[in-house]
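Chain by chain, the residues run as shown.
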Amino acid sequence: MQLIKKGEFVSDSFATVEDDAELPEGSIIVSLERWQAERDSLSERNTPLGVRLKSGQEPSVIADDLDKFAVVALEFPAYRNGRAYSYARLLRERYGYKGEIRAVGNVLRDQFQYMIRVGFDALEVADNITPDIYKRAVGTFTHAYQPGADGSVSVFSLRHR
Amino acid sequence: MYRYDEFDHELVHERVAQFRDQVGRRLKGELTEDEFKPLRLMNGLYLQLHAYMLRVAIPYGTLSSRQLHKLAEIGRVYDKGYGHFTTRQNLQFNWPKLKDVPDLLADLATVEMHAIQTSGNCIRNVTSDQYAGVAQDEIEDPRIISEVIRQWSTFHPEFSYLPRKFKIAVCATPDDRAAIRVHDIGIQVVRNASGEVGYEIYVGGGLGRTPMIGKKLNDFVPKADILAYLESVMRVYNMHGRRDNMYKARIKILVHEIGAEEMRRQVDAEFAEVKKAGHLELPMAELERIQAYFAAPEYETLPEVSPEFEAAKKADKDFANWVRANTAPHRVPGYAIVNISLKPNGGTPGDCSSDQMDVVADAAEKYSLGEIRVTHEQNLTLANVKQSDLHALYQMLEANGLGTSNIGLITDQIACPGLDYCALANARSIPIAQQISERFQDLERQHHIGELKINTSGCINACGHHHVGHIGILGVDKKGVEYYQVTLGGAADQQTAVGDIVGPAFTEGEIVDAIETIVETYIDLRKDGERFIDTYRRVGVDPFKETLYATH
Ligand code: SF4
């Protein structure tokens, strides 16, 4: 796995921690369950914190806590399961979340551009993805008919500029 | 009709390039068939029993002559010289080779066509009324909002991996020719008390193994809010639709499980939020831009009755029969709507040869402002023909095997591809439709029987819409033998109903006789002027049960 953040291949500064594992030093991503069970102690840490939502765990459950999270990771259990596209948009557009939204799980190259358009800015991708493949994938379509949560303007509006 | 601008062209060309790359990766072995499958399905390419099948989108069923000529050419170059029009107003080619598909798509793009979202779990090609723009009681041309929806739903980043496929239909007349209540979303264009045009929304209709009739979720969505409303329905579905079982994944199951009330509450809550955010309001300038493409053409001022036309009907009885069955009143005096039947005696419903496509394209060019519509009943429509041209048009069609006079009659059947093509089928559909067509070929008898819709599906997936046929035929498999189950009383119009199962299924040898028994029973029972469906609604299933199973 490698991490692409805002178009750059970067090393992941966050450790994803299993629910039964001890918490390491430094930046961590925990499950929603762990956040809910240990929110007080987790809030007291002075290092960046992320939370990971499974498909079915809707962002409304963390809407009031979003200022605590540097990362919200959204799981794609299968490429066919598109729930997290809606979750990302809600986080950006409805809850005004400005931190990192990371796509994790089954994230295919043919989906990168859609993910970015709904508000993901970090993608955890397979090792065979090269910068060249990434660039081509996210440049597949120059414009979109829909306004994007990444700030892109819809064709409907562009036509009347 | 709508014409692409630079943005539309760019998207379609970029799509062709993307698919060419994907096919290239597959042919080089960089992608396995399993990995390639979701990619090709996003582009209407299916692997059928014998070959690949490509489904070409015909947005809301409207085609120009130029486009139809191109489809004819594609049929010759990449297929066996024909194509098949579907109940989704699309066209399928049954024999393209994988390596040729990128070129085929590039050819389509030259005439502003594509195969985008004709399959896969996304918002499919939006369908509408084939009489759009010319129906007498229309509120507004339904293609305006259909085109808006086509664009909005194309490559929608949030809604391309839905729990299941998603179908939207639009209708703008009280007579529903688009079957909106059996779609995931049905949109009825309406006018409110203050004269504003807006949209009544039905959600959760569908056929398949669990047929459901759509529930009305909203009486009036204003124009500017329609995308915000649709997006709200889609988001509720995308987040809450079931993904654990593909047979329970359609929105109709969600609506059924939580109830229409709760669905409405969730959609309304979402809608309020989406509207607050504001950026999905449909720009009025854009609506007007699209509307201008569907402005009424300049019609000639013609007399209400054309003397040549009346004389031709008297002189040519076949022509008079064709006029009676295949034409409909036009909202402008002196014009007519013409339906071209793709259900010749013993033929495959919806099939059209490349040569016939060229004939229809030429006929449209000459007699109907260069425009053709595809109907969900698998026929074609020329919407703007002068009455005085009807006879010449008829002769041109008749000379090319396109003059069948059976629109709305018993041989104007819908049938899915069935076991002759489809990998999912239990039984053959086309041969059954062909046998029925042959049995009832006598035109006088057909007129005597009157309006009757027979729909046949080769399996429970119901692509042949058997649930909503006045007579529905469903192919079932019993220990490896093909059987046919019959339903009665279905309808897809404004009184949408799912047909009742009449009793035990029939064998292939029995089914056509059974249909004939049903028809004879109806004729014995009908009162003056009653159509089959009217009689059925009055008497119910019992008299048919008696005659059917008494004779077996
Ligand atoms: S109804 Fe069944 S047999 Fe017919 S086309 Fe659909 S899936 Fe195939």
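Reading guide: rules and limits
- All residue numbers refer to position in the chain's written sequence, counted from 1.
- Labels are handed out in written order, letters beginning with A for the chains and numbers beginning with 1 for the ligands.
- The predicted origin of the model limits local features to residues at a pLDDT of at least 70 and limits the giving and counting of side-chain atom pairs to 80 or more, whereas totals for whole chains, interfaces and linings rest on all residues.
- Only hydrogens and water are removed before side-chain values are computed, so all heavy atoms of the structure are retained for them.
- Every helix listed is a DSSP run of H or I at least four residues long, and every strand listed is a run of E at least two residues long, numbered separately from the N terminus.
- As defined in this context, the radius of gyration uses C-alpha atoms, and a globule is described by 2.2 Å times the residue total to the power 0.38.
- For every residue, the accessible area (1.4 Å probe, protein chains only) is compared with the maximum for its type, and the residue is labelled buried under 20%, exposed over 50%, or partly exposed between those bounds.
- To be clear on the numbers: accessible area is Shrake-Rupley with a 1.4 Å probe, and residue cover counts the displayed protein chains and nothing else.
- Charged-residue counts in this description rest on Lys and Arg as positive and Asp and Glu as negative, His and the chain ends being excluded.
- To locate a charge, take NZ of a lysine, CZ of an arginine, CG of an aspartate or CD of a glutamate.
- In this document the domain limits rely on a domain assignment from an automatic tool or a database.
- Throughout, a contact is declared for two residues whenever any of their heavy atoms are within 4.5 Å.
- Here the quantity called buried area is the accessible surface, traced with a 1.4 Å probe, that two parts lose on coming together, added over both.
- Put simply, a salt bridge is a Lys or Arg side-chain nitrogen that is within 4 Å of an Asp or Glu carboxyl oxygen.
- Counting of polar contacts relies on pairs of N or O atoms within 3.5 Å, with two restrictions inside protein: one atom must be capable of donating a hydrogen and the other of accepting it, and residues adjacent in sequence are counted only when both atoms are side-chain atoms.
- pLDDT measures how confident the predictor is about each residue, on a scale from 0 to 100.

1. Here's the deal with the overall build of chain B
A count of helical and extended segments in chain B gives 18 helices and 21 strands. In summary, chain B has a C-alpha radius of gyration of 23 Å against a globular reference of 24 Å for 552 residues, a match within 12%. Taken along the three principal axes of its C-alpha coordinates, chain B extends 60 × 60 × 60 Å. Within chain B, the proportion of its 552 residues that are buried is 63%. Per element, the accessible surface of chain B, about 19900 Å² overall, is 50% carbon and sulfur. Within chain B, one finds 61 positive and 78 negative side-chain charges whose respective centroids are separated by 4 Å.

2. Notes on the domain arrangement of chain B
Accessible area lost during the coming together of the parts is what is often quoted as the interface size. Residues and elements named next belong to chain B. If you check the domain split of chain B, you get domain 1 (6-109), domain 2 (142-293), domain 3 (307-398) and domain 4 (414-548). Using C-alpha coordinates to define each centre, domain 1 is positioned 27 Å away from domain 2. Contacts between domain 1 and domain 2 engage eight residues on the former and eleven residues on the latter. Taken together, the two surfaces of domain 1 and domain 2 that pack against each other cover about 810 Å², and 60% of this comes from carbon and sulfur. A per-residue breakdown of the area domain 1 buries against domain 2 is headed by M42, Y60 and R88, which together make up 59% of the total. Taken together, the connections running from domain 1 to domain 2 amount to one salt bridge. The salt bridge partner of D8 is R150, with a shortest N-O separation of 3.7 Å. Here domain 1 is connected to domain 2 by two residue pairs in polar contact (both at pLDDT 80 or more). Counting residues per element, the side of domain 1 that touches domain 2 draws most heavily on helix α1 (residues 6-27), which supplies three residues.

3. Quick notes on the confidence of the model for chain B
Taken residue by residue, chain B gives an average pLDDT of 95. The fraction at 70 or more is 100%. The ipTM value of the predicted complex is 0.97, and its pTM value is 0.94.

4. A look at the interface of chain A and chain B
Each partner contributes residues to the interface: chain A has 32 residues there, and chain B has 45 residues. Taken together, the two surfaces of chain A and chain B that pack against each other cover about 3700 Å², and 56% of this comes from carbon and sulfur. Put simply, chain A and chain B have nine salt bridges between them. Here E158 of chain B and R89 of chain A are joined by a salt bridge, their closest N and O atoms 2.7 Å apart. Linking chain A to chain B there are 24 residue pairs in polar contact (both at pLDDT 80 or more). Elements with a minimum of two residues in the side of chain A that touches chain B: α3 (83-94), α4 (112-118) and α6 (155-158) of chain A. Ranked by residues supplied to the side of chain A that touches chain B, first place goes to α3 of chain A with eight residues.

5. Digging into the side chain of Q188 of chain B
Residues and elements named next belong to chain B. As for its placement among the helices and strands, Q188 is situated in strand β8 (residues 185-191). Assessed through its relative accessible area of 8%, Q188 is described here as buried. Separated by 2.9 Å, the side chain of Q188 and the backbone oxygen of T173 make a polar contact. When near neighbours in sequence (up to four residues on either side) are disregarded, Q188 contacts C171, A172, T173, P174, I180, G198, Y199, E200 and Y202.

6. Comments concerning the environment of T32 of chain B
Residues and elements named next belong to chain B. Tracing the backbone shows T32 in the loop between α1 and α2 (33-41). On the basis of relative accessible area, T32 is assigned to the partly exposed category, the value being 41%. Through-space distance from the C-alpha of T32 to that of G472 is 40 Å; in sequence the pair is 440 residues apart.

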